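In case you want the letters, here they are:
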Amino acid sequence: MAHFMVHNLAQVMVQVTLIAEGEAELGASIPYIKPEDGGKVIERTSEGALHTLIRRELENAGFPDCDFIQRHPSIKESQKRTLRTGHSILDIKYLAQIVILWKPEDVDMILIVVDADDKLEQRQIDLERALNKIRDNHLDINEKPISDSEALRRNRSAGGLAIRNFETWLLADTQNVANLLGVELEKLENLEHLDNTKDILENAISQSMYLSEDSSNQRSLQIRWNLGKHIDLAIIKTGCPQGYAAFTQSLLVATKAVIPILN
C-alpha cells in the first residue's frame, strides 16, 4: 500500500482552503469575493505570501502540489461587498456559516491562520475553538462530519498562530529579506517576543527601490509574495518555533491524513 501511495502522489492535487486575516497573507485573492467565485480554484497570480509558504512546505516534505480553493462570502459579506478580516475570523458562528458552504468535493483540507498580536493566551483558546467548529462543519457527501474516525476528522484541518504577526514569519530570514529589498537590516533576535516586526517590514519596503515602478497598493503585497518564495523555511522554523514551526507540523499531519483518502 505504501508503494502504491508514493507511486501515485504525483497524480494527486490536494484541494486546500485557507482562512487568514487579510491581504498580507492572502494577497490579491481577498479584497472581495464574488459569490459566484466561491469554491473555485484561486489563480496562482492572485495568491499571497502565506499560500506560497504552505505550498513550499508541502513540496519540501515530498507531498504533491496543491490548489487553493476560494472560500464563499457569507450573506452579510455579500451584502456589504466586503470581507471579514483580522482576528474576527475566529468567531465560531461566522466560521460555521463559511465552512458549511463548501461542497464536499471542493476541499480536502481547511487551514486557518491568525495573528496572536499581544493576546497570545486568548488567541490560542480562540484558535482551538475555531478549529473545533471547522471540524464540526466540514461535512462529507452524506452531510456527515468528514469521517467517523475522530483522529482523522481532526487531522484534515490545521491552525496556525503567527506570534506576534505574519510579518514576523517573513522577517525571520533577515539576510534574505535585506538582500531582496536592497536595504540594511539588523539581525533580529527573539523574534516571537518583538512587537514591532510589522513596522520593521513596512519601513524596509518603503525605503526599498525593489519594484519601485509599481506605485499601487499592490506593491507591498507583491513584495511579501516574493519574500515568501525566497526566504529560508528552516530559518523561519528556528526563529519562530511556537508559531511557524508548530503550524507547519500540524499542516503536515493534516496532509498525511488527506493523501490516503485521495489515493
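Computed from a predicted structure; not experimentally measured.

Here is what the cut-offs are and how they apply
- Residues numbered from 1 in each chain as written.
- Predicted model: local features only at pLDDT ≥ 70, side-chain atom pairs only at ≥ 80, totals over all residues.
- Heavy atoms only, no water.
- Core = buried A, V, L, I, M, F, W, Y, C linked by side-chain atoms within 4.5 Å.
- Buried < 20%, exposed > 50% of the residue type's maximum accessible area, 1.4 Å probe, protein only.
- Contact = heavy atoms within 4.5 Å.
- Helix = DSSP H or I, 4+ residues; strand = E, 2+ residues; numbered from the N terminus.
- Pairing = 2+ DSSP bridges.
- Axes fitted to C-alpha atoms, helices over the stretch in contact; angles between N-to-C directions.
- Parallel < 35°, antiparallel > 145°, perpendicular 65-115°, else oblique.
- Left-handed = near helix turned anticlockwise from the far one by under 90°.
- Nonpolar A, V, L, I, M, F, W, Y, C, P; charged D, E, K, R; others polar.

**Topic: the nonpolar core**
Consideration 1: L18, I54, L111, W169 and I236 are the most contacted members of the largest nonpolar core, which has 49 residues in total.
Consideration 2: Excluding residues that lie within four positions of it along the chain, L18 makes contacts with L26, L50, H51, I54, F68, L111 and V113.
Consideration 3: Among the nonpolar cores identified, the runner-up in size contains 20 residues, and V99, W102, L127 and A130 belong to it.

**Regarding the environment of I69**
Consideration 1: Within the secondary structure, I69 is located in the loop between β2 (66-68) and α4 (75-80).
Consideration 2: Residue classification places I69 among the buried positions, given a relative accessible area of 2%.
Consideration 3: Through-space distance from the C-alpha of I69 to that of T17 is 4.9 Å; in sequence the pair is 52 residues apart.
Consideration 4: The contact partners of I69, leaving out residues within four places of it in the chain, are Q15, V16, T17, G39, K40, V41, I42, W102, D106 and V107.

**A short note on the pairing of strand β3 (residues 109-115)**
Consideration 1: Across the seven residues of β3, seven count as buried, placing the element largely inside the fold.
Consideration 2: Burial along β3 is two-sided: the face carrying M109, L111, V113 and D115 and the face carrying I110, I112 and V114 are both buried.
Consideration 3: In terms of strand pairing, strand β1 (residues 14-20) meets β3 through five bridges, oriented parallel. Bridge pairing in β3 places T17 opposite I110.
Consideration 4: Judged from the six bridges that link them, β3 and strand β4 (residues 157-162) form a sheet pairing that is parallel. What sits directly across from V113, in β4, is G160.

**Overview of unusual backbone geometry**
Consideration 1: The omega torsion of the bond from I163 to R164 falls at 0°, within 30 degrees of zero and hence cis.
Consideration 2: Within the secondary structure, R164 sits in the loop between β4 and α8 (166-171).
Consideration 3: Of note in the backbone geometry, D117 takes a positive phi value of approximately 55° without being a glycine.
Consideration 4: Residue placement: D117 occurs in the loop between β3 and α6 (120-137).
Consideration 5: On the accessibility criterion, D117 (30% relative accessible area) is partly exposed.

**Some remarks on the packing of helix α9 (residues 174-181) against helix α11 (residues 218-230)**
Consideration 1: In the contact formed by α9 and α11, the axes pass within 10 Å of each other and the chain directions differ by 130°. Put simply, α9 runs oblique to α11. In this structure, α9 meets α11 at a crossing whose hand is right-handed. Contact residues: α9 offers N176, V177, L180 and L181, while α11 offers I223, N226, L227 and H230.
Consideration 2: Classifying every residue of the contact of α9 with α11 by side-chain character gives five nonpolar, three polar and no charged.

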